[in-house]
Amino acid sequence: HNERGFQPKDLYAMCQVGESSKVPGSGKIGRKGIGFKSIFQITDRPLVISPPFKFCFDTVSRGIFGYIVPSWVEDPKIDVPEQHHALLRKLCGDEGESE
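Residues numbered from 1 in each chain as written. Predicted model: local features only at pLDDT ≥ 70, side-chain atom pairs only at ≥ 80, totals over all residues. Heavy atoms only, no water.

A.B. asks: Please set out a nonpolar patch on the surface residue by residue, giving values where relevant.
C.D. replies: A grouping of V17, I64, F65, Y67 and I68 is seen on the molecular surface, where their side chains present a nonpolar patch of about 520 Å² in accessible area. In this fold, V17 is placed in the loop between helix 1 (8-14) and strand 1 (47-50). (Patch = residues over 30% accessible without salt bridge, like charges linked within 9 Å, V, L, I, M, F, W, Y side chains within 5 Å. Areas by Shrake-Rupley, 256 points an atom, 1.4 Å probe, with all protein chains shown as cover. Salt bridge = Lys/Arg side-chain N within 4 Å of Asp/Glu carboxyl O. Helix = DSSP H or I, 4+ residues; strand = E, 2+ residues; numbered from the N terminus.)

A.B. asks: Provide a residue-level description of the packing of aromatic side chains, including the pertinent values.
C.D. replies: When we look at a pair of aromatic rings, we describe it by the centre distance and by the angle of the planes. Tallied over the full model, the rule gives 4 aromatic pairs. Ring geometry for F55 against F57: centres 5.7 Å apart, planes inclined by 85°, an arrangement best described as edge-to-face. Note on accessibility: F55 and F57 belong to one class, buried. Taken together, F53, F55, F57 and W72 form an aromatic cluster joined through their ring pairs. Sitting over the face of the ring of F57, K37 holds its NZ or CZ atom 5.9 Å from the ring centroid. (Phe/Tyr/Trp six-rings, centres within 6.5 Å; stacked < 30°, edge-to-face > 60°. Buried < 20%, exposed > 50% of the residue type's maximum accessible area, 1.4 Å probe, protein only. Lys NZ or Arg CZ within 6 Å of the ring centre and 35° of its normal.)

A.B. asks: A description of the pairing of strand 2 (residues 53-56) should follow, citing residues and the corresponding values.
C.D. replies: On strand 2, burial covers both faces: F53 and F55 on one face and K54 and C56 on the other are all buried. Note: strand 1 against strand 2, 4 bridges, orientation antiparallel. Bridge pairing links S50 to F53 in strand 2. If you look at the hairpin formed by strand 1 and strand 2, you'll find 2 residues sitting between the two strands. Bridge count between strand 2 and strand 3 (residues 71-72): 2 bridges; the pairing is antiparallel. The residue of strand 3 that forms the bridge with C56 is S71. (Pairing = 2+ DSSP bridges.)

A.B. asks: Give a description of the sheet that holds strand 3 that names residues and reports values.
C.D. replies: One open sheet accounts for 3 strands, arranged 1-2-3; its pairing is antiparallel. A strand with exactly one partner marks an edge of an open sheet, and here the two such strands are strand 1 and strand 3.

What follows is the structure, encoded as structure tokens:
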């Protein structure tokens, strides 16, 4: 995410439909507020890790509200395949340690 990590306004924008936090001419792609939502074509529970944020959008547990209401994730190891735990450790430090 432009190597600066998520900001509160970015999380807010992800929870909206038809809105965007991107400013025209800023060099960022997309501005219609539907880009991130396209991930639901391949998963029912996208996980976002950008310290200090760790959250998912869980359409299985929350139904239609799962598209716009984030669920905070305490232990991302549960949701991340084992082959990606090394990357998780880089992102989260000790929190991402495998047991």
